[in-house]
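Chain by chain, the residues run as shown.
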Number of protein chains: 2
Amino acid sequence: MYVPTFDDVRNAQERIQPHIHRTPILTSSFINKLAGAELFFKCENFQKAGAFKVRGASNAVFGLDEEKAKLGVATHSSGNHALSLSYAAGRRGIPVTVVMPRTAPEAKKEAVRGYGGTIVECEPSTSSREAVFAEVVAKSGAEFVHPYNDHRVISGQATCSLELTEQVEGLNAVVAPIGGGGMVSGTCLTLSSIAPDVEIIAAEPKNADDAYRSFKAGHIIADDAPQTVADGLKVPLKDLTWHFVSNHVTDILTATEEEIIEAMRLIWQRMKIVMEPSSAVPLATILKNKEAFAGKRVGVIITGGNVDLNKLPWLPKA
Amino acid sequence: MYVPTFDDVRNAQERIQPHIHRTPILTSSFINKLAGAELFFKCENFQKAGAFKVRGASNAVFGLDEEKAKLGVATHSSGNHALSLSYAAGRRGIPVTVVMPRTAPEAKKEAVRGYGGTIVECEPSTSSREAVFAEVVAKSGAEFVHPYNDHRVISGQATCSLELTEQVEGLNAVVAPIGGGGMVSGTCLTLSSIAPDVEIIAAEPKNADDAYRSFKAGHIIADDAPQTVADGLKVPLKDLTWHFVSNHVTDILTATEEEIIEAMRLIWQRMKIVMEPSSAVPLATILKNKEAFAGKRVGVIITGGNVDLNKLPWLPKA
């Protein structure tokens, strides 16, 4: 297991800079008053392909040597990593194959195809996915880019908090949502290197609190198919992300489904931005634990904005 | 009728600068490709109180002398001007009264009260509104700040395109929605003074095309209660806004309800911002008249973001 260093982050930043946005920081005086803290929202919903995942995907794709690159890249994902890898491969002009359950939403499949990705469908089970994926890689020789348990991906995600520290001075804490731990690991990698006094808080849905329980237990606990509105956060930690989480995270806080939806709606209403339920988990945990953040300057990662505008979680089910 | 000059705009910019945001410009490579033009969206949905109207309201409120200011300000509006005037008066710490039909949405009333405004209800008719408003002003001596037909308000709105020209070089055109004409008049005032070669396009719902018909006829035509999803654009031109529209607007383009809703959804989906139906009319007209904008650098005013998240126009009626 190769553990990336801050040099890898600097290299990633240089490598991906032509392909991504330096996303803005937004603030809301209303939400600051409500929270009793100064919150700085890092808006990766405005990122290329609509999510921070394009940082890691671009770092992996543009870091391949010519020979490797010709064979293309592959992954399994039905979410933002699939979109992001397709975007990055499209920019480099190399093939990309995404293994997706045949039951995945048609809109997600269309979006991957829109970026030039090829979809290979599997049954909605881990065994089918693994079998189909192995076949894809065996046939094509494509490079596997894991959605989060990959040092190239983590180094790419780490550029997000590097930008954040350049954009906001004197941060006391950074709060990021945690699923598989790619964003949180990148945050740990950057902050432990250049701003070791900044607290790193991971925010997780109570309904999918495997990282929280892992953190308390001291070893990885993986859940089978948790159910939460924050659909980007259902996946478990893996060895490399666990390394960062267990060594550098200050605390993990959780929020209920209702708290997540309320925080999401508050951000839409007051900050006028479209973002995903997963991205609302940090604010939900901050509003629930005000004493922990009182008076602090807090970076909050808005991880993405790819949401089905016909199915907003505060509306009656269509 | 006093016609404001560019000196008034410079004074307004200095006066209101501590109370408003310098809003960002966003772009979308997807929408640019679709339009065949380079679009620069001036995001007044991120403005204080959620709309550009806070510029004009702040200029009026902070331009009052001490004696006048003590008596407060008043207006009639059930929209963004009511919110904006309440915000500005609250910042200055002076009373503000808003006359609103008793049938106005409770959420709007709450928002005005949230900014410290006092609401006086009238019946939902022009005669009742005028009678009630006259009484309010007679009793309080409050200064009337009209939503758009007021030189202080127009000078304030004019600061929006002043910022736009500072933020984007080499614009060929600016497209702004038109209702009563406050934003468009401000755009005319600024651009005719400092960038007279930039085309000024007003965008209007076909269902409320009184400005379009006025422009073609050469005199003001006012409609009685037009129906459109772009609820900020139902009001007619008045003498001062007609002065600017008739003298400086290059053209007025219209869009259907379906085209407005489609453009709104496209902006939410691709640009990840929450904005009002009224703000989607410019993009709707651009996509409908691509040949007129082909290859040009076009400023697009996103006028506001105060929208009922339970009643998005592409969803089935709740």
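Residues numbered from 1 in each chain as written. Chains lettered and ligands numbered in written order. Predicted model: local features only at pLDDT ≥ 70, side-chain atom pairs only at ≥ 80, totals over all residues. Heavy atoms only, no water.

Draft legend 1. Looking closely at the overall build of chain A. Assigned secondary structure in chain A consists of 14 helices and 10 strands. Whereas a compact globule of 318 residues would reach a radius of gyration of roughly 20 Å, chain A reaches 18 Å, a difference of no more than 12%. The dimensions of chain A, computed from C-alpha atoms along their principal axes, are 55 × 50 × 40 Å. Counting across all 318 residues of chain A, residues that qualify as buried make up 57%. Restricting the contact set of chain A to residue pairs at least 6 apart, pairs at least 24 apart contribute 72%. A total of about 12600 Å² of accessible surface is found on chain A, and carbon and sulfur atoms cover 49% of it. Positive and negative side-chain charges in chain A, numbering 33 and 36 respectively, have mean positions lying 5 Å apart. (Helix = DSSP H or I, 4+ residues; strand = E, 2+ residues; numbered from the N terminus. Rg over C-alpha atoms; globule rule 2.2 N^0.38 Å. Buried < 20%, exposed > 50% of the residue type's maximum accessible area, 1.4 Å probe, protein only. Contact = heavy atoms within 4.5 Å. Areas by Shrake-Rupley, 256 points an atom, 1.4 Å probe, with all protein chains shown as cover. Lys, Arg positive; Asp, Glu negative; His and termini not counted. Charge placed at Lys NZ, Arg CZ, Asp CG, Glu CD.)

Draft legend 2. Layout of the packing of helix α3 (residues 53–62) of chain A against helix α5 (residues 80–92) of chain A. All names here are of chain A. Interaxial distance between α3 and α5 falls to 8 Å at its minimum, and their mutual angle equals 40°. In this view, α3 runs oblique relative to α5, as classed from their interaxial angle. When the axes of α3 and α5 are compared, the crossing they make is right-handed. From α3, K53, V54, A57, S58, V61 and F62 reach across to α5, where they touch N80, H81, S84, L85, Y87, A88, A89, R91 and R92. Residue composition of the contact of α3 with α5, by class: eight nonpolar, four polar and three charged. (Axes fitted to C-alpha atoms, helices over the stretch in contact; angles between N-to-C directions. Parallel < 35°, antiparallel > 145°, perpendicular 65-115°, else oblique. Left-handed = near helix turned anticlockwise from the far one by under 90°. Nonpolar A, V, L, I, M, F, W, Y, C, P; charged D, E, K, R; others polar.)

Draft legend 3. Spatial organisation of the packing of aromatic side chains. All names here are of chain A. Enumeration according to the criterion identifies eight aromatic pairs over all chains in this entry. Between W268 and W314, the ring centres sit 5.2 Å apart and the planes meet at 80°, which makes this aromatic pair edge-to-face. Here the residue W268 occupies a position in helix α12 (residues 257–271), and W314 occupies one in the segment after β10 (297–302), the gap between them amounting to 46 residues. Comparing W268 with W314, the two get one shared label, buried. (Phe/Tyr/Trp six-rings, centres within 6.5 Å; stacked < 30°, edge-to-face > 60°.)

Draft legend 4. Examining the domain arrangement of chain A more closely. Residue and element names in this part refer to chain A. Each assigned domain of chain A is listed here: domain 1 (6–52 + 150–302) and domain 2 (54–144). Between domain 1 and domain 2, the C-alpha centre-to-centre distance is 24 Å. Here domain 1 meets domain 2 over a buried area of about 1700 Å², counting both sides, of which 51% is carbon and sulfur. Area buried by domain 1 at its contact with domain 2 is led by H19, A49 and R152, which between them contribute 41% of it. Across the domain 1-domain 2 interface, the total number found is three salt bridges. For the salt bridge of R55 with E44, the shortest nitrogen-to-oxygen distance reads 2.6 Å. Linking domain 1 with domain 2 are 15 residue pairs in polar contact (both at pLDDT 80 or more), by the criterion used here. Listed by contribution, the elements that provide at least two residues to the side of domain 1 that touches domain 2 are α1 (6–16) and α8 (151–167). (Domains from an automatic or database assignment. Buried area = accessible area lost by both parts, 1.4 Å probe. Salt bridge = Lys/Arg side-chain N within 4 Å of Asp/Glu carboxyl O. Polar contact = N/O pair within 3.5 Å; in protein donor to acceptor, adjacent residues only side chain to side chain.)

Draft legend 5. Quick look at the sheet that holds strand β9 (residues 251–255) of chain A. Residues and elements named next belong to chain A. The six strands lie next to each other as β1-β2-β10-β7-β8-β9, forming an open sheet whose pairing is mixed. Because the sheet does not close on itself, it has two edges, and the strands there are β1 (25–26) and β9. Alignment of β1 against strand β2 (residues 38–43), held across two bridges, turns out to be antiparallel. Looking at β2, one finds that I25 is bridged to K42. (Pairing = 2+ DSSP bridges.)

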